[in-house]
Structures are given as structure tokens and as C-alpha cells.
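Residues per chain, in single letters:
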Amino acid sequence: MREDRSILNKLDWSVILIYLALILIGWLSIYSTNFDPESGKSIFDLSINSGKQFLRILSCIIIIAVIITIDFRIFESLAYTFYGVVLALLIFVLIFGDEVAGSKSWFELGFFRLQPSEFAKFTTALAIARFMAVPNFKLDNSKNLIRVGLFIVVPMALIILQGDTGTALVFVAFVVPLYREGLNPVFIIIGISMAVIFILTLFVSKLYLGIAIVSIVLLIIFFNKKTWRKIALTVASGALVFSVIFAVDYVIDNVLKPHQQNRIKALINPESDPRGYGYNVINSKTAIGSGGLTGKGYLQGYYTQFDFVPEQTTDFIFCTVGEEMGWIGSLVLLTLFVLLMIRLVNLAERQKSRFSRIYGYSVVGIFFFHFAVNIGMTIGYFPVIGIPLPFISYGGSSLWAFTILLFIFLKLDAHRMQIFIR
Amino acid sequence: MNESRRYIIQIVIILIGVVYLVKLFAIQITDNSYKVKAEDNVMRPVIEYPYRGLIYDRSEKNLLVYNRPVFDLMVVPREAVIADTVEFCRLLGITTDEFDKEVVRMEKDKGYKSFLPQAFIKMISLEQLARFQDKLVQYPGFFIQSRTLRGYEHSSIANALGYIGEISSTALNNDSTNYYRQGDYIGISGIEKYYEKELRGQQGVQFKMVNARGVVKGPFKNGNYDTLSVPGENLVATIDLDLQAYGEKLMAGKAGGVVAIEPKTGEILSIISSPSYDPNMLSGKGFGRNFMDLTQDSLKPLFNRAIMSVYPPGSTFKPLQALIALQEGVIGAREQIYCSGALVGDHAPPGYYDVHEAIQKSSNNYFYIVFRRVINRNLSENTFIDSRLGLEKWNEYLYKFGLGKPLGIDIPNEKGGMIPTPALYNRIYGENRWKWSTINSISIGQGELLISPLQMANYAAIIANRGYYYTPHIIKEIDTTGLPLEKYRIKHESGIDSVHFTTVVDAMEDVVNKGTGLRARIDGIAVCAKTGTSENPHGEDHSVFIAFAPKEDPQIAISVYVQNAGQGARAAASVAGLMIEKYLTGEIKRHWIEEYALRGEFIY
């Protein structure tokens, strides 16, 4: 008993309070989105989404209790085991899984469905934390980079094979812990530059981009030391950028699936075909935009309630908050997320073990990616990538996976002083 | 060494949060269009069409116009499921080709939206309805919508009633009140057009909220913006349907116009334009085809001759000439004037005439002399100027008799005819280059004088009233007020003393008893009348007749024009006499006249 109380005291309650607030907002929003005044069903009614979600929230208490009770050391010692089990599940689901909405990523388990890819996030986080926690591990050689990269790319590839590109993209989030552990920012800069060039190519004509690149290359050559090496390097990078630009069309037309092409096109100009691929973006912006400063009031969000916004309870749940609670509500929700992530960074930094810190930053990265992409797509800053908003969106697997992800870190944090015992 | 990177990570997190909040501020607060758009997308106005007002005849027992229900087969294309097209077509009695054609037509419609209800087949027959209604459940997305069309239980008075039809794009653009929408029905001619505002009522609008699939979820903003429809006002027409139908029967096979007025009130008892058409032709399914047929008919059945055709009045004009001359004092009531017959050809023999006999025998020479006296008053030594001054004075009388400009009947497109003015003659002959002898044919109602049957009937009513008239009108009661329009309650004076009417009326009585109007004579009823023959340079003369009866306390004043039917004493007098008999006694005793009129052989 004494130990129980002490663990409760050691947990970071500010994070737990934000967690509970987000869960509550999510649950209320799910109820409102499917609210039908005529049916008179209560929020606990198991025939509607909010009732089902309530059961899942209750089940999270068990999950949390288990995580807090068991020995914190097993997360590090069994990190590879967890990773391996989930990898196996990812392969099994490809063979035995059920296809839902074009993605073969679900296990049908009678009364509920399980999506292993959601759990791959925390197992991968544990695995790279374990791998990089080795003393004197450095990310400055390609051998280590490739090894860490493999931990990330293997589950990512399996999830892409399932047809769930959105969830696979989340693994990009591991850039955050890698960056903290000394990844050369050049990689990130190159990655972001590629993305920017990719997007620019969609907006700006190739001719202008070409002229701009040639000018920049010439300027760099002119102002730099005119050694052959530098000139060659500059010209080579210019050529690389060129090839990216010309690859964009090819990628869009041949590599991306039609629905993915449409999502990118919708990002550029949703109004071009409002009944077609721009439909989601226009309607989610309309729902949010119609909320005004204070929103239409709880349960009054007719636009989301009348099914104008697709995937309203899952990927587009933020529309309900924006419509019913307005900008003030959005401010509260965004602030909660930002505070959560800032706090998690601070917690990660106070860890004594590298394992805990890397894991902590992985948690931050994953939350950040979900937060930025999910809300970004509802307001037209990102293509529609079907990933949930942590703790808010409807769905069991994602709620459990995020809860596990977060509470493992809180458990590790609670024991941060004991880490030397090892 | 990498500790500082925590701050970069935290800054990026905060930065994204701030950027998103700024963007949210822009779409939620700065930009109002999303709010408008959300309301637009969920709000669906549902128009509640009011019942169009009915029109009764003057007895208030007969309906001139009523509403008859028709049924349209509607479809919400997005929800439509037809399992068996062949069976579906069989139920509707159409071929699969026609089915395909309807689908193509519907999808080409301007307002076509797959989630909105569209008319698939308009006005299905009762038989189709009965067959289809039972099977409706098998065809999701289809439903029957009822609406009303105008219906008529008689085949009379088509031109005066007019018709309704879908509003034209021009009318829609001109609608400054923004009341009408594409596809709304509006009165296009006749009473339907003139009393459109009263008849149409007021559309109601219910603002519904619909979900993304167009399913109604409830009232918008608790129905605070909803309005109820107000049914149109019923109208009571001045028309006597029996008289109207009888008159149309008499006029069948002839071209022309008849207008009968109750003199005391200006109420139009009967307004006939011949040839006419069955008003049911321009209501409902055959509208398009029938309308084409009617517009292409060389006899112009859509042309309302009673108010739109104008003719020289011929000798029917003589009583008016007499009244003006008497009022001006240029002749005395018993003054004998010698007519040699030298001025103009004449049916009346040469000799002495007073005004009574001149009217009774329709002496042309007498009225030439009288008109010269009216025109030339020696107000100026210059006969040209003198003629001009005389004609101006004469014009004033004519205007007071409602000639030369539209009377203002409550039917659109009334023509005003023409009275010759100094300005007209100046144009024709040049200023100061015309005098009485130039223009003397108007003495006897020929020449440049053009008068519509309506104006003629009103002129007869003025004589019947001995000097006043109410503007002829066809609607005597509007539901809310129980009164005709304000302008039909104003008494107009003719400016001629009633004593002079006595002289003229006596003469007109003898026209019927001893003169040219014998065919209008009815035993026991004192009919006063004047025949006329309107000279027609293009063919046979037009037969013209005006009359009123009984002489004391007149109940009916009538004008009849029958085109190309020769002397007024024949066709026009017969029709007028029969209608007076019908109206005053309710039956026809003079069957030989009726047979004569119906046979329609007036040129012999």
C-alpha cells in the first residue's frame, strides 16, 4: 500500500489532468457529433458511439492500472519483445486481417476490432529507445543511422502494405527523438526542403522554379570560394532539386493512388471541384469557420451533425469542437495539446536514463505529428491524411495505443530516480 | 551538447500552435463566409404555394375560373432506384425511349441537382396516378406532388379571363419585388394578369434544415423566419355567364367584338371576342401545342377584339354628333334643315330633316351640314384656323365620351383607338391646309375615326345614362373590400346637358321602331339603338350596332361589331337585339331572328 501511494505521488499529475481533459472533450464531442434530439439517447447509450467510447475510456483505467503497477524495468528489458510481437501482428494482419475502408489493418475480434498499427507506434518507440540507450551510442555514423532507420522503416513498410499510408507517415515523427539525440539537422533540412519543393511545384509553374534555381546556383557560385569542388557540389544540388521538381508530376500521376492524388489536389484548390475531392476540406473548413468566436453551443453544431463533414467522429472530430465551441474552444483545445507536449519535453529532459529520454521524445514526436497533421488537414494546411487526433477521436485502438504510449512514459518518469539501480 | 535542441523542439511546437490559432482566427472570426455557407448548405427554403383566387360570375353561383389539382411525378435522382425499368415504364404508360428522353431532359435542366427533387413527368393522368400510387413504395426516391392548375367548367370568355403560365425570364428580371422564382406561375393575360397581385396571394416559406443527403432534419432557427402562405383573393366578375355564352354562340363563325355594359355601374355584362377558344386549351398538358396553334391561326383567336380592335364607327357615331351640335347650340332640337343630297351619297332621300328624323333615317347629308356648323364657328376669318379651333372643341367632347384613349378597363392591352385631332391633320395635310371639306367624312363616323367595341358600348351607356358613365370594368368585387377598384367607383360626366339626350334617345327609339334597327325590336321593351356600317377599304364593310334598353331605366347597353358583315341593320342589329332580349327576359321568343343570326349570311 505504501508503495502504491508513493507511485501515485510520483506521477506527473499535470500531464494526467490534461489527459483527462482531452478524453472528456473527445467523449463529449463524439456524443454531440452523433446527437439526435429526437432519439433522446443519453451519452452512455451503448447503441451510439459515445456509449461505446465510454466503455473504452473505462477500459483505459485498467490499462493505466496495469502499466503503473508492473515493474518499470520490463519496458526497457522487453522492448524488443514488444516490438517483435507487434511486427508479427502487422504481418499476420496482412494475411488474416479484415479489410475496412480500403485498408487491411484490422483484426476482427468479435465484439471489437483491433488495429495493430496503432500499437506499433509505442513498440517502435521502446525499441529505438532501447537501441540508442547503449552507452556511447552516436548518430554521427551511417551504420548507426541505418540501424535506427531500419527499426522505423520496417513497421512503416508493413503498414504501407496494409494500405494505411496515413498511419505509416506517423513514423516520420521519430525524427524528433533522433534530432534530440544528435541527428545532423542537414537531414531534416533536406527532408523539409524536398517537401517544400514538392509543394511549390504544385503551386508555381516549372519555368519560374527553374529560373529561380538557376539564379540561386549562380549566386552561390559567384559568392563562394570558386573551387571546383564547391562549384560541382552546388551544381549537383541544383540538378538534384531540378530532378525532384520534374519527378513530382511522375510521382503524383504514377506512384500515388488516385485518392491520394485527389487529396493533394484538394489541398491546392479545394474549390475547383467542391462535390469531388475538395468536398472534405471545404466542408471541414465550413464547419469550423461557422463556429465564430464562441461557437454555436454544445450539441448545436448542425453542420457536423448533418453529416456534411466526412469521418466526423474520427479524423474530423476537431470540426465539432470548432463549430460548437468556436475560436475560444479551439484555443482551449490547442493550448491543452501544446502544454501537454511542452510538459512532456520538460519531463523527457529531466530523465536520468537515455532510454527514458528517447522514449519521452518519441512520445512528443508522435503526439506532435498527430496534432499538427490532424488539425492541419481540417483547416486546409495538410492533405487529408486519415490519422486520429489523440484522445479526442472516436476509436478504441487509437485511444488504447495513445494511453499506453503516454502512461509508459509517465511510469518511467515516476521511477526516474531509480534508474541508477540498474 | 544537444540539450539546447529541446528549446528548438518546444519553439516549433508553440509555433505550429500559434500558426493554427491564427488560421482558425481567420476562418472563424475574420471571414464570415463560412458561417453564411454553412447556413446555405443546411437551409432549404420550402415554398408553400397559396391557393390562387377563384373568379365567379356576377350571379356568384357560376365559377368562371377554379383550381383543379394535377399530379407531378417527382424524383430525387440521388435516391432513385428503379429495379425494373420496363415495369416502371408500363405503369406510367410510356416507352423506354421516352423514359430515356425524360431523364436526359431532366438532367439538362438549369436547376438540376441530384439531391434535389425534380419533376420527372409533369401532369400524369389520373389513370396513371391510380396505377402508380400503389406501386410507389417499390421505387424509392420517387414521389407524387400535387399542385393546381386553372380549370374552367365552361368554354367561354377565354380572352378576357386570360391564362397563367410559367414566368418568363424577362418577367423574372423585371420583378423588382423579388417575389417570383424560376418556374413560378403568373398571370400572362386578361384578368389573370391584371389582378395577378390579388389572385396570387402570398407565398409562404418554411426554412428547413437538411442534412448532407437532403433529408429534412427540422426547422431552421426554430422556424423564426418562416412565413405562412396567404391564399389569393376570390374575385366576382361583372360577367353574366349565360349572356356571355349566348353571345359567343351568336358570334360563332363570325369575326368581331361585342361588349354589353350595365349603364348605371359600368359593369361589363358580356365581353366577346370572336373567334375565341376554349380556355381549357391553355391550362395543363396541351398548353405548348395549343398555344402554338392559336398563335398561328390566321383568324387570331388570341387577339381580344373587344378591346384591341378599332374600327370607324360609321353611322353609330351620328347620335354623338347630334349631342355635340345640340350642346354647342349650332342646331335646335326641332330645327329643320334642308338636305339636298348634294354633299354626300345618302340612303335618306333629300328634304327637310330635324335631328330626330336625321338620326332615325341616318341622313348623311344632315350630319355633314351639322358637323360643318360645329367645326366652323367663325371664330376666325381664316377658315383653316376656324376649322382647327372647331375641331379642338369637338375633340374635347370626344375625350369626355372616353374616345381616343384607353378607357382603363381591368384587362391589359386595351387599345385607345383614334380621334382625328388638328395635330393629326397637320401631319397629313400640313398646317392650315385643311378645313371642313377636307375632313368631312368624319361627320358620319368614317375616315380617321377609330373606336373599339368597348368604347362603343361605353358610348351607348353614356346615352342610356343621359350623360355620365363609370369606367367599364369586369371585376366588381375583390374579396377583402367587396368593392371594385377605386377607379371604377368614380363617376365621369360627358359635359352634355341631359335635355339633349332626351332628343337623341327618342330618335334612337324610333331607329328600332321605324328605322334601320328593326331587327333589334322586342315586343314590350323599348330598345334605343343606332345602326352603322363601317366602311372597309379592304373588303366587305363591317356591321356595327349600338343599343340600350329599356329606354327608361336602362339595364343594358351594348355594342356589336361584326367584321365584313355589311350593313349594321343585319348582323350587328340581330346579335344586339337577341342579347338584349336574352338578358332582359331570360329567353328568346324571336326565333326567326336567332336563326338568321346563327345562319350568318348577311351579304345579299
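Within each chain, residues carry numbers counting from 1 in the order of the written sequence. Chain letters start at A and ligand numbers start at 1, both assigned in the order the entries are written. The predicted origin of the model limits local features to residues at a pLDDT of at least 70 and limits the giving and counting of side-chain atom pairs to 80 or more, whereas totals for whole chains, interfaces and linings rest on all residues.

Caption draft 1: Structural context of the overall build of chain B. Each helix and strand in chain B was counted, giving 22 helices and 20 strands. Radius of gyration here uses only the C-alpha atoms, and the compact-globule reference equals 2.2 Å multiplied by the residue count raised to the power 0.38. For chain B, whose C-alpha radius of gyration is 33 Å, the value lies well above the compact-globule estimate of 25 Å for 604 residues. Dimensions along the principal axes, computed over C-alpha positions, put chain B at roughly 135 × 60 × 40 Å. Two residues qualify as being in contact provided that their C-beta atoms, derived from the backbone, are within 7 Å of each other. Counted over contacts in chain B with a minimum sequence separation of 6, partners at least 24 positions apart contribute 70%. Only DSSP runs of H or I covering at least 4 residues are called helices, and only runs of E covering at least 2 are called strands; the numbering of each starts at the N terminus.

Caption draft 2: Looking closely at the overall build of chain A. Helix and strand counts for chain A stand at 18 helices and 3 strands. Its C-alpha radius of gyration of 23 Å places chain A within 12% of the 22 Å reference for a compact globule of 422 residues. When its C-alpha atoms are laid out on the principal axes, chain A stretches across 70 × 60 × 45 Å. Counting other C-beta atoms within 10 Å of a residue's own tells you its class, since 20 or more makes it buried, 12 or fewer makes it exposed, and anything in between is partly exposed; those C-beta atoms are placed from the backbone. Evaluated residue by residue, chain A yields a buried proportion of 42% over its 422 residues.

Caption draft 3: Here's a closer look at the environment of Leu333(A). All names here are of chain A. In this structure, Leu333 sits in helix 16 (residues 317–349). Classification of Leu333 as buried rests on a count of 23 C-beta atoms within 10 Å. Between the C-alpha atom of Leu333 and that of Phe318, which follows or precedes it by 15 residues, the distance is 9.2 Å.

Caption draft 4: Representation of unusual backbone geometry in the model. Residue and element names in this part refer to chain B. A cis geometry characterises the amide bond from Ser274 onward to Pro275, with omega recorded as 0°. Tracing the sequence through the fold places Pro275 in the loop between strand 12 (267–274) and helix 11 (287–296). Look at the link from Ala549 to Pro550: it is a cis peptide, with omega at -15°. When you line up the elements, Pro550 lands in the loop between strand 19 (542–549) and strand 20 (556–562). A positive phi angle, close to 55°, is found at Ser362, a residue other than glycine. Along the chain, the position of Ser362 falls in the loop between helix 14 (355–361) and helix 15 (364–375). Even without being a glycine, Asp553 presents a positive backbone phi close to 55°. In this structure, Asp553 sits in the loop between strand 19 and strand 20. Overall, Asp553 belongs to the exposed group, with 9 C-beta atoms counted inside 10 Å.

Caption draft 5: Representation of the nonpolar core in the model. Residues Ala460(B), Ala547(B), Ile558(B), Val575(B) and Ala576(B) are the most contacted members of the largest nonpolar core, which totals 127 residues. The contact partners of Val575(B), leaving out residues within four places of it in the chain, are Leu250(B), Met251(B), Val258(B), Val560(B), Val562(B) and Ala597(B). Here, a nonpolar core denotes buried Ala, Val, Leu, Ile, Met, Phe, Trp, Tyr and Cys residues that are linked to one another through C-beta atoms within 7 Å. If you look at the next biggest cluster of nonpolar residues, it comprises 112 residues, including Ile23(A), Met377(A), Ala401(A) and Leu24(B).

Caption draft 6: View of the interface of chain B and chain A. Of the residues lining the interface, 29 residues belong to chain B; the matching set on chain A comes to 35 residues. Elements with a minimum of two residues in the side of chain B that touches chain A: helix 1 (5–30) and helix 2 (33–42) of chain B. Take the side of chain B that touches chain A: its biggest share by element is 16 residues, from helix 1 of chain B. Think of it as three bins: nonpolar holds Ala, Val, Leu, Ile, Met, Phe, Trp, Tyr, Cys and Pro, charged holds Asp, Glu, Lys and Arg, and polar takes everything else, Gly as well. For the side of chain B that touches chain A, the residue count by class is 15 nonpolar, 6 polar and 8 charged.

Caption draft 7: A look at the sheet that holds strand 18 (residues 528–534) of chain B. Residues and elements named next belong to chain B. Strand pairing follows a simple DSSP-based rule, namely that at least 2 bridges must link the two strands. Strand order in this open sheet of 5 strands is 12-11-20-19-18, and the pairing throughout is antiparallel. Both outer strands of the open sheet, strand 12 and strand 18, are each paired with one neighbouring strand and no more. Put simply, the sheet's adjacent strands are angled 5° from each other on average, direction ignored. Between N-to-C directions, angles span 0 to 180 degrees; the directions come from axes that are lines fitted to C-alpha atoms, helices contributing only their stretch in contact. The strands that helix 10 (residues 241–251) touches are strand 11 (256–262) and strand 12; relative to strand 12, the one it contacts most, it runs at about 25°.

Caption draft 8: Main features of the pairing of strand 8 (residues 204–210) of chain B. All names here are of chain B. Bridge analysis of strand 1 (residues 43–48) against strand 8 gives 6 bridges, and the strand direction is antiparallel. Bridge pairing links Met43 to Met209 in strand 8. Direction of pairing for strand 8 relative to strand 9 (residues 216–219): antiparallel, over a ladder of 3 bridges. Each bridged residue has a counterpart across the sheet, and for Val210 the counterpart in strand 9 is Val216. Here strand 8 folds back onto strand 9 in antiparallel fashion, the turn holding 5 residues, of which Gly214 has a positive phi close to 85°.

Caption draft 9: Broad picture of the sheet that holds strand 1 of chain B. All names here are of chain B. Strand order across the open sheet formed by 3 strands is 1-8-9, with antiparallel pairing between neighbours. With one partner strand each, in any of the chains shown, strand 1 and strand 9 form the two edges of the open sheet. Averaged over all neighbouring strand pairs, the angle between strand axes comes to 40°, with direction disregarded.

Caption draft 10: Broad picture of the confidence of the model for chain B. The quantity called pLDDT is the predictor's confidence in a given residue, expressed from 0 to 100. Residue-level pLDDT values for chain B average 91, and 100% of them are 70 or greater. Here the predicted complex carries an ipTM of 0.91, next to a pTM of 0.70.

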